[in-house]
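Reading the structure
So the chains spell out like this:
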Amino acid sequence: MENGKIALAIGLKNGLGYGSTEFFVFRPYQGLLPRFVLHFLLQPSLREEAERQMAGASGQKRVPANYLFTHEFCSLPPANKNELS
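Notes on the structure in this doc start here. (Residues numbered from 1 in each chain as written. Predicted model: local features only at pLDDT ≥ 70, side-chain atom pairs only at ≥ 80, totals over all residues. Heavy atoms only, no water.)

Here's the deal with helix α2 (residues 44–53)
Every α-helix winds through 3.6 residues per turn, so residues three or four apart in the chain are directed the same way. We count it as follows: Categorising residues by exposure relies on relative accessible area from a 1.4 Å probe, with only protein chains included: less than 20% of the type maximum marks a residue as buried, more than 50% marks it as exposed, and the intermediate range marks it as partly exposed. Only DSSP runs of H or I covering at least 4 residues are called helices, and only runs of E covering at least 2 are called strands; the numbering of each starts at the N terminus. Note that the arc is defined by the directions from the helix axis to the C-beta atoms. Should any heavy atoms of two residues lie within 4.5 Å, those residues are counted as being in contact.
If you check which residues of α2 are buried, you get L46, R47 and A50. The buried side chains of α2 occupy one side of the element, clustering within an arc of 95 degrees when seen end-on. Turned more than 90 degrees away from the buried face of α2 sit P44 and R52, all of them exposed. If you follow the buried residues of α2, they end up packed against α1 (34–41) and α3 (65–70).

A closer look at the pattern of salt bridges
Any two side chains of opposite charge can pair, on the condition that their charged atoms come close. Let me state the cut-off plainly: We define a salt bridge as a side-chain nitrogen of Lys or Arg found within 4 Å of a carboxyl oxygen belonging to Asp or Glu.
For the structure on display, the rule yields 1 salt bridge. Two residues, E49 and R52, come together in a salt bridge whose shortest N-O distance is 2.9 Å. Here E49 and its partner R52 are both found in helix α2, 3 residues apart, which amounts to about one turn of the helix. Since its relative accessible area comes to 57%, R52 is described here as exposed.

Just distances and angles here, no functional claims.
Shown next, in the form of structure tokens:
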């Protein structure tokens, strides 16, 4: 969150991905476009608030998982245009 390294992973072989260090995986619910989740997480205001919640030693600070689990996410538009009415 601190340095903005957020990625959208699509088209993964066997649907699997690998990484290192600290990861929080967000999976959109049915009908929500993954790109909307990505842009929501990239918002400076969200990242700044997450940074204020960080804990740990200098150089190893982490966003507590509970911050993201309990954070209220805004309403995002549905993927289906027919649901916009």
